[in-house]
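So the chains spell out like this:
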Amino acid sequence: MSDILNKLAQCIEYGKISKDCPYPPNMKDQNGADELTKLALENGISPDEILEKSLIPAMANVGNKFSRMEIYVPQMLMSAKAMSSSMIHIKPYFISGETKRKGTFIIGTVTGDLHDIGKNLVSMMIEGGGWEVIDLGVDVGEVKFLEALNKNQNAVIGLSALLTTTMENMKNIVLAIKEKYPNSKILVGGAPVTNEYCKKIGADFYSPDPQGAVNYLKKLVS
Ligand code: B1M
């Protein structure tokens, strides 16, 4: 079992998407993240375990190597693609069989920011928690958030930012939303975001991870 998870983590770290993908050359003809995720699930490894023991630590290694300038953007991108090919198989497991949705959650990565892996994880977990999720994608500004909120006025909003530059854009989005919908609830997250920053920009809650986001929403409706 742990062998599959270790191999999967290597695929994410080195950007091996699937068996037929020629990159990286030293892993040619080996199973990739696509096949290994299917294998892990077939072997009864839970989606949570796959995420926590393989995908998330592997991406953390990628980030650290990028910080140390041991890898560059194209390699980081291949890792992100490998992670996405794994997440395709995990996602259905997070979507529970609950019939009645607990509410609507609108999420997006803020203006100027194209990182979506963390946002997708949060979105998956919240969907799995029984919420209807409207995912606006990446590079989303206040206009799109307001449009979505206008159509779903009781929805909770989630903003994700991964760059110290783009987290500044959260402030404008929060301001615009709170001006039009003062009672709305806004959850913020993403690597550079902190609780202190959340308070400073007038958002309602900060979560460092998807589970914290799920717990916050649970509290809101209990
Ligand atoms: Co980018 N990148 N990147 N990148 N990238 C980071 C974020 C960086 C920290 C790398 C580094 O320098 N060590 C750095 C930011 C530095 C900074 O601002 N302080 C960086 C940079 C500089 C850049 C570019 C500017 C590089 C360049 O072009 N020179 C560029 C910017 C593009 C843009 O957005 N305009 C860029 C591009 C890219 C890729 C496209 C190549 C790719 C993104 C692909 C994609 O997302 N589809 C990429 C990647 C993969 C990364 C790293 C390696 C991994 C990010 C990731 O997916 N992590 C990242 C380094 C790192 O994080 N260590 C890095 C895994 C993910 C599960 O974690 O997203 O943090 P994360 O989400 C977590 C929590 O933060 C939280 O839950 C998740 C699960 O625990 N969370 C929330 C996230 N959103 C939340 C919302 C919530 C609650 C919790 O409520 C709503």
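Residues numbered from 1 in each chain as written. Predicted model: local features only at pLDDT ≥ 70, side-chain atom pairs only at ≥ 80, totals over all residues. Heavy atoms only, no water.

## Let's talk about the environment of Ile45
Then step 1. Mapped onto the elements of the fold, Ile45 is located in the loop between α2 (33-42) and α3 (47-67).
Then step 2. Ile45 sits 43 residues away from Ser2 along the chain, and the two C-alpha atoms are 9.3 Å apart. (Helix = DSSP H or I, 4+ residues; strand = E, 2+ residues; numbered from the N terminus.)

## Examining unusual backbone geometry
Then step 1. Between Tyr23 and Pro24 the backbone carries a cis peptide bond, its omega angle lying at -10 degrees.
Then step 2. Note on placement: Pro24 falls in the loop between α1 (2-14) and α2.
Then step 3. Positive phi, normally seen in glycine, also occurs at Asp29, with a value near 70 degrees.
Then step 4. A positive phi angle, near 55 degrees, is found at Asp139, a position not held by glycine.
Then step 5. Structurally, Asp139 can be placed in the loop between β2 (132-135) and α6 (142-151).

## Brief notes about the site of the ligand
Then step 1. The local shell around the ligand holds 32 residues, among which Ser67, Leu114, His115, Asp116 and Ser160 are the closest.
Then step 2. Taking Ala191, its main chain carries an N or O atom lying 3.2 Å from an oxygen atom of the ligand.
Then step 3. Secondary-structure elements contributing two or more residues to the shell around the ligand are α3, α4 (73-94), α5 (117-128), β3 (156-160) and β4 (186-189).
Then step 4. Partitioning the shell around the ligand into residue classes produces 18 nonpolar, eleven polar and three charged.
Then step 5. In terms of domain composition, the shell around the ligand takes at least three residues from each of domain 1 (1-100) and domain 2 (101-222). (Near = heavy atom within 4 Å. Polar contact = N/O pair within 3.5 Å; in protein donor to acceptor, adjacent residues only side chain to side chain. Nonpolar A, V, L, I, M, F, W, Y, C, P; charged D, E, K, R; others polar. Domains from an automatic or database assignment.)

## A word on the domain arrangement of the protein chain
Then step 1. Each assigned domain of the protein chain is listed with its residue range as follows: domain 1 (1-100) and domain 2 (101-222).
Then step 2. Look at where the C-alpha atoms of domain 1 and domain 2 centre, and you get two points 25 Å apart.

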